[in-house]
Amino acid sequence: RTRSFLKIQDGCDYYCTFCAIPFARGRSRSDTIENTLKQAREVVSQGQKEIILTGVNIGTFGKNHGESLYELLVEMEKIEGLNRIRIGSIEPNLLTDQIIAHIAQSTKILPHFHIPLQSGNNELLRLMKRKYLREVFADRVITIKNLMPLACVAADVIIGFPGETEEHFVDTSKFSEGLPV
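Positions within a chain are numbered from 1, following the residues in the order the chain's sequence is written. The predicted nature of this model means local features are confined to residues of pLDDT at least 70 and side-chain atom pairs, given and counted, to a pLDDT of 80 or more, with totals for whole chains, interfaces and linings taken over all residues. Side-chain numbers come from the whole structure's heavy atoms, not from hydrogens or water.

Asker: An account of the overall build of the chain is needed here, citing residue identities and associated values.
Answerer: Across its full length, the chain holds seven helices and five strands. Start at the N end of the chain and walk to the C end: the helices and strands fall as β-α-α-β-α-β-α-β-α-α-β-α. Just to be clear, the radius of gyration here is over C-alpha atoms, and the globule rule we use is 2.2 Å times residues to the power 0.38. For the chain, the C-alpha radius of gyration of 17 Å lies close to 16 Å, the compact-globule estimate for 181 residues. Here the C-alpha coordinates of the chain stretch approximately 55 × 40 × 30 Å along the principal axes. Residue contacts are counted whenever heavy atoms from the two residues lie within 4.5 Å of one another. In the chain, 73% of the contacts between residues at least 6 apart in sequence involve partners at least 24 apart. Accessible surface computed for the chain: about 9,100 Å², of which carbon and sulfur atoms make up 52%. Where the 22 positive side-chain charges of the chain centre and where its 22 negative ones centre are 5 Å apart. Where helices and strands are cited, they refer to DSSP runs of H or I of at least four residues and of E of at least two residues respectively, numbered from the N terminus. Using a 1.4 Å probe, accessible areas were evaluated by the Shrake-Rupley method; residue-level cover was limited to the displayed protein chains. His is not counted, nor are the chain ends; Lys and Arg add positive charge and Asp and Glu add negative charge. Throughout, a charge is located at the NZ atom of Lys, the CZ atom of Arg, the CG atom of Asp or the CD atom of Glu.

Asker: I'd like a description of the side chain of aspartate 10, backed by residues and values.
Answerer: Inspection of the secondary structure assignment puts aspartate 10 in the loop between strand 1 (3–7) and helix 1 (21–25). Residue aspartate 10 is classed as buried on the basis of its relative accessible area of 17%. Pairs of N or O atoms are called polar contacts if they sit within 3.5 Å, as long as, within protein, a hydrogen donor faces a hydrogen acceptor (for residues adjacent in sequence, only side-chain-to-side-chain pairs). Engagement of the side chain of aspartate 10 in a polar contact is seen with the side chain of lysine 7, the distance being 3.2 Å. When neighbours within four sequence positions are excluded, aspartate 10 is seen to be in contact with Arg25, Arg27, Ser28, Arg29 and Val56. Only protein chains enter the accessibility calculation, which uses a 1.4 Å probe; a residue whose area is less than 20% of its type maximum is buried, one above 50% is exposed, and one in between is partly exposed.

Take a look at the structure:
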């Protein structure tokens, strides 16, 4: 009972073909870093030692305030009594080199990454209206593993997407098996 979830963002500006979140929860939005830090300090004051940052699309944190997830991570590490920070799911196109490098040198942010792949086939990614190609996903995983060989990298894959063929499935399977996830 030393871990707490902290929702730092809600909504989404992506309109992936399989998802209703932008319609159900609205556009991407978050509070300011200052207010988010106040919430985090409150959680720590209640005895929590680890905070898991959650949201629908946390890579867009701060966008509506001219701030960023990277800036939030830097400031959260300064909270006394907070021993561990874990990032929830983050889109591969929003997981920047700056964030990865920062986590690699951090003593508080856990090297745990959940990155949605959805498909390892670029044709299906386009049909899904994802904001990246499989090469971006692979680059993020390789960058993480080069800097943090023991990092945990997890991914989601959608099987049976409308129009998916046996070739698409095999392509996704081979792609996934070829990466250290």
